[in-house]
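Working through the structure, step by step
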Amino acid sequence: NAGVTQTPKFQVLKTGQSMTLQCAQDMNHEYMSWYRQDPGMGLRLIHYSVGAGITDQGEVPNGYNVSRSTTEDFPLRLLSAAPSQTSVYFCASMLGLQTEAFFGQGTRLTVV
Amino acid sequence: AQSVTQLDSQVPVFEEAPVELRCNYSSSVSVYLFWYVQYPNQGLQLLLKYLSGSTLVKGINGFEAEFNKSQTSFHLRKPSVHISDTAEYFCAVSDVANFGNEKLTFGTGTRLTIIP
């Protein structure tokens, strides 16, 4: 099983550029979420989705958009990249909030 | 809304010594509690979880944790650590009655370093 697949693994952007981080899961999980990981700050929730067509904001949603047109895919869009968005991004999926969250390998994003 | 506090950002421990990583949470409702581990340059993986029932839960790699409702704590323990336990450990919480608040919230992490 592929589990949770994130692409790309590494990305360098210039300030003001836009891009989409891809996340796909093959476990038929309803719940998917995006986190960013910064030193000393742990994982902070950006956006999450409890099913196709349903998304909601997490702790740090500004500057990011998401959509959930299918159960499998949950892309994260950076509208206009800023240096403050330099981080490692993780996508996670789970069957429900009482079950194990499966994480992708992460995307290391640098905005210059 | 729920929150998680991990007071120790770094914990150095000698090999074969015991370790305790502390986690405290706050929530107005009943919670599910988790510990995840992150090895260098990898994603997170589940160590153990508390949903209900026995307050002592056992996980993978010899780790265990105890849920203490009165102290709102969920500390992680291992009686004898190994070099391979060097990693970052995250405590996480979600609300049981979660309609409208379907979030899994993580703490800031504790970096465990095993000293040979």
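Summarised in this report is the structure supplied together with it. Since the structure is predicted, the reported quantities are computational estimates derived from the model, not experimental observations.

**A short note on the interface of chain A and chain B**
Many analyses report the size of an interface as the accessible area lost when the parts associate. Facing the 22 residues of chain A at the interface are 23 residues of chain B. The interface formed by chain A and chain B includes 5 residue pairs in polar contact (both at pLDDT 80 or more). Counting only elements with at least two residues in the side of chain A that touches chain B, the list comes to strand 4 (31-38), strand 5 (42-51) and strand 9 (87-94) of chain A. Of the residues forming the side of chain A that touches chain B, the biggest block, 5 residues, is contributed by strand 5 of chain A.

**Quick word on the state of the cysteines**
Residues and elements named next belong to chain A. All told, the structure shown has 2 disulfides over all chains when counted by the stated rule. Sulfur-sulfur distance for the disulfide between cysteine 23 and cysteine 91 comes to 1.8 Å. Here the S-S torsion is close to -70°, and the disulfide linking cysteine 23 with cysteine 91 is therefore left-handed. One end of the pair, cysteine 23, is in strand 3 (residues 19-25); the other, cysteine 91, is in strand 9, with 68 residues separating them in the sequence.

**Some details on the sheet that holds strand 8 (residues 76-78) of chain A**
Residues and elements named next belong to chain A. Overall, antiparallel pairing links the 4 strands, which are arranged 1-3-8-7 in an open sheet. Each end of this open sheet is capped by a strand with a single partner; those strands are strand 1 (4-7) and strand 7 (64-66). Averaged over all pairs of adjacent strands, the angle between strand axes in this sheet comes to 20°, irrespective of strand direction. Relative to strand 8, strand 3 is paired through 3 bridges, and the arrangement is antiparallel. Note on strand 8: the bridge partner recorded for threonine 20 is arginine 77.

**A word on the layout of surface pockets**
For the largest pocket, the calculated volume is near 690 Å³. Forming the boundary of the largest pocket are 34 residues, of which Gln37(A), Arg108(A), Gln38(B), Glu88(B) and Arg111(B) lie nearest the centre. Elements with a minimum of two residues in the lining of the largest pocket: strand 4, strand 9 and strand 11 (107-111) of chain A together with strand 10 (87-95) and strand 12 (110-115) of chain B. Along the lines of polarity and charge, the residues of the lining of the largest pocket split into 10 nonpolar, 18 polar and 6 charged. Estimates place the volume of the second largest pocket at around 210 Å³. As for the second largest pocket, its lining consists of 17 residues, of which Leu43(A), Glu59(A), Gln2(B), Thr105(B) and Phe106(B) are closest to the centre. When contributions to the lining of the second largest pocket are tallied by element, the ones reaching two or more residues are strand 5 of chain A together with strand 11 (105-106) of chain B. Its residues assigned to classes, the lining of the second largest pocket shows 8 nonpolar, 6 polar and 3 charged.

**Thoughts on the pattern of salt bridges**
Taken as a whole and assessed by the stated rule, the structure comprises 8 salt bridges over all chains. Here Asp38(A) and Arg44(A) are joined by a salt bridge, their closest N and O atoms 2.8 Å apart. According to the relative accessible area criterion, Asp38(A) is buried, its value standing at 10%. Judged by relative accessible area, Arg44(A) falls into the buried class, the value being 16%. As a salt-bridge pair, Glu20(B) and Arg77(B) come within 2.9 Å of each other at their nearest N and O atoms. In this pair, Glu20(B) is assigned in strand 3 (residues 19-21) and Arg77(B) in strand 9 (residues 73-78), connecting sequence segments 57 residues apart. It is possible to trace a salt-bridge network through shared partners that takes in Arg36(A), Asp38(A) and Arg44(A).

**What about the nonpolar core?**
Within the largest apolar cluster, 28 residues are counted, with the highest numbers of intra-cluster contacts made by Leu33(B), Trp35(B), Leu47(B), Leu48(B), Phe74(B), Leu76(B) and Tyr89(B). Of all the secondary-structure elements, those providing two or more residues to this core are strand 2 (10-14), strand 3, strand 5 (31-38), strand 6 (44-50), strand 8 (64-68), strand 9, strand 10 and strand 12 of chain B. In terms of nonpolar packing, the next biggest core, distinct from the first, is built from 21 residues, Leu45(A), Phe103(A), Ala92(B) and Phe106(B) among them.

**Some points on the side chain of Glu88(B)**
With respect to the element layout, Glu88(B) can be found in strand 10. Taking relative accessible area as the criterion, Glu88(B) reaches 13% and is therefore assigned buried. Here Arg111(B) takes part through its side chain, which lies 3.1 Å from a polar atom of the side chain of Glu88(B). Leaving out residues up to four positions away in the same chain, Glu88(B) has contacts with Gln37(A), Tyr36(B), Val37(B), Gln38(B), Thr108(B), Gly109(B), Thr110(B) and Arg111(B).

Rules of the game
- Residues numbered from 1 in each chain as written.
- Chains lettered and ligands numbered in written order.
- Predicted model: local features only at pLDDT ≥ 70, side-chain atom pairs only at ≥ 80, totals over all residues.
- Heavy atoms only, no water.
- Contact = heavy atoms within 4.5 Å.
- Polar contact = N/O pair within 3.5 Å; in protein donor to acceptor, adjacent residues only side chain to side chain.
- Helix = DSSP H or I, 4+ residues; strand = E, 2+ residues; numbered from the N terminus.
- Disulfide = S-S within 2.5 Å.
- Pairing = 2+ DSSP bridges.
- Axes fitted to C-alpha atoms, helices over the stretch in contact; angles between N-to-C directions.
- 1 Å grid on protein atoms, 1.4 Å probe; cavity = no way out; pocket = protein on both sides within 12 Å on 5 of 7 lines; lining within 4 Å.
- Points joined across faces, edges and corners; volume = space filled by probe spheres on them.
- Nonpolar A, V, L, I, M, F, W, Y, C, P; charged D, E, K, R; others polar.
- Salt bridge = Lys/Arg side-chain N within 4 Å of Asp/Glu carboxyl O.
- Buried < 20%, exposed > 50% of the residue type's maximum accessible area, 1.4 Å probe, protein only.
- Core = buried A, V, L, I, M, F, W, Y, C linked by side-chain atoms within 4.5 Å.

Geometric values such as these leave the question of function open.
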